Amino acid sequence: MMNITLKQLRYFEALTRHRHFGRAAETCAISQPALSVQIKELEETLGVVLFERSARQVRLTGFGQDFAERARDVLRAVDELGDLARLAKDRMVGRLRIGVIPTVAPYLLPTLIHQLNTQHSGLDVHIRETLTQRLIAELLDGRLDTAIVALPVSEPGLVETPLFEEKFVLVRNAQDAEAPVPSPEGMREMKLLLLEEGHCFRDQAVSFCHLRPALARDGLDGSSLSTLVQMVGAGIGVTIIPEMAVSVETRSAPVALARFPGEEPGRSLGMVWRKTSPLAPQLNEIAEVVRNSAETLHAQNQHLLPI
């Protein structure tokens, strides 16, 4: 019987993810030599080399790739055993790993964290902010318990729980405040500033304006809504932002807001988690807190939004 430890599997998973001994060791809160020893012992126990090592990078061998898939399954199952124990307790306690997309995190999290701390003081909340594609991958790998994303994600292994809808608003330079609001087709004739590729919010804006991919690349790509709004304030173009971002992003830029005529663009936001997660009852409770936080944020923004 092979004596493979969970500690070794977690170190292996960290090295697989970072492909760098130093960064993996830092993630695991141990020294690099200690990590190297554990990986070497794991390889000796298996009798097979897991990593190709060079001066510049670490790469999984063919067997290492197969082993990584099984190791993730084992670690996910162990985490779910811990989740079962947490579920058996009378109140919600312990670590909760929540992923959030960048066009939601800066705006919703202050209210959400406050409400979670008030209603579930035993929770140790860990936040991960990144793009939807990465959140889904980390959720399926067991590195996250749940994620707040734009729906649908259409991933067979995940439960999708709709939480709230929100509209998008047009942001333009303050000097253009009285100009007619362009139609989606009219937006194609303007310099539309968009988030860089990979953001689902970019895809939603492109879809609303009926832009072809080539045209969508003609404007300025930004890594954040803040950058886009500041560029609009400088007179470079126009952009679209979600309602929840209004109070944060428009307070220090000379811009004007406008609603679109006709059917307004918007998005559906919700929470997703693994279908196998034992934390599902608790996550449904968390979903209600997220929904209430969004309603609170919406109410706070109402006086800033155009009628």
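Here is a short report on the structure shown in this document.

Rules of the game
- Numbering of residues begins from 1 in every chain and follows the order in which that chain's sequence is written.
- It should be noted that, the model being predicted, local features are given only for residues of pLDDT at least 70 and side-chain atom pairs only at 80 or more, the latter also being counted only at that level, while totals for whole chains, interfaces and linings use all residues.
- Processing note: side-chain calculations cover all non-hydrogen atoms of the structure and skip hydrogens and water entirely.
- In these notes, a set of buried Ala, Val, Leu, Ile, Met, Phe, Trp, Tyr and Cys residues joined through side-chain atoms within 4.5 Å is what counts as a nonpolar core.
- Note on classification: 1.4 Å probe, protein chains only; a residue is buried when its accessible area is under 20% of the maximum for its type, exposed when over 50%, partly exposed between these limits.
- Should any heavy atoms of two residues lie within 4.5 Å, those residues are considered in contact.
- A run of H or I in DSSP becomes a helix once it reaches four residues, and a run of E becomes a strand once it reaches two; helices and strands are each numbered from the N terminus.
- In a helix, the anticipated span is given by 1.5 Å times the number of residues less one.
- What counts as a ring pair is set by centres within 6.5 Å for rings of Phe, Tyr and Trp (its six-membered ring), and what kind of pair is set by the plane angle: stacked under 30 degrees, edge-to-face over 60, tilted for all other angles.
- A pair of strands is treated as paired once DSSP finds two or more bridges between them.
- Consider the strands pointing away from the viewer: the crossover is right-handed when the path from the first strand over the helix to the second runs clockwise.

Focus on the nonpolar core
And then number 1: Core analysis: the largest hydrophobic core is formed by 66 residues, its most contacted members being Ile148 and Ile240.
And then number 2: Once you skip the residues sitting within four places of it in the chain, isoleucine 148 turns out to touch Ile98, Gly99, Val100, Ile101, Val104, Leu108, Leu112, Gly270, Met271 and Val290.
And then number 3: Counting residues in hydrophobic clusters, the runner-up holds 20 residues, among them Leu42, Leu60, Ala68 and Ala71.

Regarding helix 1 (residues 6-18)
And then number 1: In a regular helix each residue adds 1.5 Å, so 13 residues correspond to 18 Å; helix 1 covers 18 Å between its end C-alpha atoms and thus fits that length.
And then number 2: Note on helix 1: the residue one or two positions beyond its end, arginine 19, has a positive phi of about 55 degrees.

Considering the packing of aromatic side chains
And then number 1: Enumeration over the complete set of coordinates arrives at 5 aromatic pairs.
And then number 2: Between phenylalanine 12 and phenylalanine 67, the ring centres sit 5.0 Å apart and the planes meet at 80 degrees, which makes this aromatic pair edge-to-face. You can see phenylalanine 12 sitting in helix 1 and its partner phenylalanine 67 sitting in helix 4 (residues 62-87), a full 55 residues away along the chain. The same class applies to phenylalanine 12 as to phenylalanine 67, namely buried.
And then number 3: Where phenylalanine 168 meets phenylalanine 201, the ring centres are 4.7 Å apart and the plane angle is 70 degrees; that geometry is what we call edge-to-face. Remark: phenylalanine 201 occurs in helix 8 (residues 200-208) and phenylalanine 168 occurs in strand 6 (residues 158-173); sequence separation between them is 33 residues.
And then number 4: Taken together, the ring pairs connect Phe12, Phe51, Phe63 and Phe67 into an aromatic cluster.

Overview of the environment of proline 162
And then number 1: Structurally, proline 162 can be placed in strand 6.
And then number 2: For proline 162, a relative accessible area of 52% corresponds to the exposed category.
And then number 3: Not counting residues within four places of it along the chain, the set of residues in contact with proline 162 comprises Leu151, Leu269, Gly270 and Arg291.

As for the pairing of strand 3 (residues 94-100)
And then number 1: Burial of strand 3 is extensive: 5 of the 7 residues sit out of reach of the surface.
And then number 2: Summarising the sheet, strand 3 and strand 4 (residues 123-129) pair through 7 bridges and their orientation is parallel. Within strand 4, the residue paired with glycine 99 across the bridge is arginine 128.
And then number 3: Crossover strand 3 to strand 4 through helix 5 (residues 105-119) is right-handed.

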